[in-house]
Amino acid sequence: MTVPAIGDYRTNANVIVACAQLGHLHRDWWTVDPTYGLGRFWTLWRPDRLDCHDLNPAKSPTTGRAIDFRDLPYDNGQVDAVVFDPPYKLNGRSDLAMDAGYGVDIRASWQDRMQLCRDGITEAVRVTRPGGRVLVKCQDQVCSGQVRWQTIDFANHAMSLGCRLVDRFDLLSYRPQPEGRRQVHARRNHSTLLVFATRTVTT
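A. Main features of the pairing of strand E1 (residues 30–33). Residues Trp30 and Val32 line one face of E1 and the alternating positions Thr31 and Asp33 line the opposite face, and both faces are buried. Relative to strand E2 (residues 49–52), E1 runs parallel, the two being bridged by 4 bridges. Its bridge partner lying in E2, Asp33 is registered against Cys52. Sheet analysis places E1 next to strand E3 (residues 79–84), joined by 2 bridges and oriented parallel. Counted as the bridge partner of Thr31 is Ala81 from E3.

Structure, rendered in structure tokens:
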């Protein structure tokens, strides 16, 4: 069976299945989802041990308390994999219900949101064992008149921490161009899941 980088994936859960098929996730790996939300990533496949955290205690079933993804309750290199879906949306229409679902209903600059995601990547790498996997959801998007290349920015950040980019999945989206807004860049009609291998120990 061929697993494509851009396939007929309809949801993040479909992409997680593809990651498992390629060995980026394993059933017996201790896996952490620090931005669990409603658990949509895990409706089709999940490891035997999945720790689920969220800043909202009601969506943090493992502990029942608020967990900041920048300060995870694990030792260095303790877990096998982290699947990180940060609040990567930088701007857009003021749809408060949608923004709340993505954790971006609090006003902040796009620079602050980018840094928040980088900080989350740093923490995910810290708690993942050498040779483990860190999966990061993001999206290249137009903000303040320019394309903000999250895929490049976050990949460079993870690689500066010793990670290696080993795979990438693009999930098509069907949200239209906002009405009344002049288009000057190609519409980014997809989101991306970056797959990093953490640094291995050599002797």
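The rest of the description comes next.
B. Representation of the sheet that holds E3 within the structure. If you trace the 6 strands from one edge of the open sheet to the other, you get E2-E1-E3-E4-E8-E7, paired in mixed fashion. Looking at the sheet topology across the chains shown, the edges are occupied by E2 and strand E7 (164–172). Shown here is a sheet whose adjacent strand axes are inclined to one another by a mean of 15°, direction ignored. Docked against the sheet, helix H1 (residues 12–21) engages E3, strand E4 (128–138), E7 and strand E8 (190–197), running at close to 145° with respect to E7. Relative to E8, helix H4 (residues 150–160) is tilted by about 10°, and along the sheet it contacts E4, E7 and E8.

C. Focus on the packing of aromatic side chains. Scanning the model with the defined rule gives 3 aromatic pairs in all. Ring plane angle 70° and centroid distance 6.4 Å describe the contact between Tyr9 and Phe169, whose orientation is recorded as edge-to-face. With Tyr9 in the segment before H1 and Phe169 in strand E7, the pair connects residues that are 160 residues apart, well separated along the chain. Residue classification places Tyr9 among the buried residues on the basis of a relative accessible area of 10%. Relative to Tyr74, the ring of Trp30 lies with its centre 5.8 Å away and its plane at 80°, an arrangement referred to as edge-to-face. Of this pair, Trp30 sits in strand E1 while Tyr74 sits in the loop between E2 and E3, placing them 44 residues apart in sequence. Over the face of the ring belonging to Trp29 we find Arg129, whose NZ or CZ atom lies 5.0 Å from the ring centre.

D. Region of interest: the pattern of salt bridges. Under the defined criterion, the tally for this structure stands at 6 salt bridges. Across the pair Asp51 and Arg49 runs a salt bridge, and its minimum N-O distance is 3.7 Å. A relative accessible area of 43% means that Arg49 is categorised as partly exposed. As a salt-bridge pair, Asp170 and Arg168 come within 3.3 Å of each other at their nearest N and O atoms.

E. Geometry of the packing of helix H3 (residues 110–127) against H4. Close contact between H3 and H4 brings their axes to 10 Å; oriented N to C, the two are set at 35°. Regarding H3 and H4, the two cross each other, and that crossing is right-handed. Contacts between H3 and H4 pair Met114, Cys117, Arg118, Ile121 and Thr122 from the former with Gln150, Asp153, Phe154, His157 and Ala158 from the latter. Broken down by class, the residue content of the contact of H3 with H4 amounts to 5 nonpolar, 3 polar and 2 charged.

F. Representation of the environment of Leu50 within the structure. As for its placement among the helices and strands, Leu50 is situated in strand E2. By relative accessible area, Leu50 is classed as buried at 12%. The spacing of Leu50 and Ala81 is 31 residues in sequence and 9.6 Å in space, taken between C-alpha atoms. Discounting residues that sit within four places of it in the chain, Leu50 has contacts with Thr31, Asp33, Trp42 and Thr62.

G. Structural view of the state of the cysteines. Tallying each qualifying case throughout the model produces 0 disulfides. Here Cys117 is not cross-linked by a disulfide; its sulfur's nearest cysteine counterpart is in Cys138, at 8.5 Å.

H. Highlighting the nonpolar core. Core analysis: the biggest nonpolar cluster contains 27 residues, and Tyr74, Val79, Val82, Ile121, Val136, Phe154 and Phe196 have the highest contact counts within it. Secondary-structure elements contributing two or more residues to this core are E1, E3, H3, E4, H4 and E8. In terms of residue count, the dominant contributor to this core is H3 (6 residues). The next biggest cluster of nonpolar side chains, apart from the first, holds 20 residues, and it includes Tyr9, Phe41, Trp42 and Trp45.

Reading the values: the criteria
- Residues numbered from 1 in each chain as written.
- Predicted model: local features only at pLDDT ≥ 70, side-chain atom pairs only at ≥ 80, totals over all residues.
- Heavy atoms only, no water.
- Buried < 20%, exposed > 50% of the residue type's maximum accessible area, 1.4 Å probe, protein only.
- Helix = DSSP H or I, 4+ residues; strand = E, 2+ residues; numbered from the N terminus.
- Pairing = 2+ DSSP bridges.
- Axes fitted to C-alpha atoms, helices over the stretch in contact; angles between N-to-C directions.
- Contact = heavy atoms within 4.5 Å.
- Phe/Tyr/Trp six-rings, centres within 6.5 Å; stacked < 30°, edge-to-face > 60°.
- Lys NZ or Arg CZ within 6 Å of the ring centre and 35° of its normal.
- Salt bridge = Lys/Arg side-chain N within 4 Å of Asp/Glu carboxyl O.
- Left-handed = near helix turned anticlockwise from the far one by under 90°.
- Nonpolar A, V, L, I, M, F, W, Y, C, P; charged D, E, K, R; others polar.
- Disulfide = S-S within 2.5 Å.
- Core = buried A, V, L, I, M, F, W, Y, C linked by side-chain atoms within 4.5 Å.

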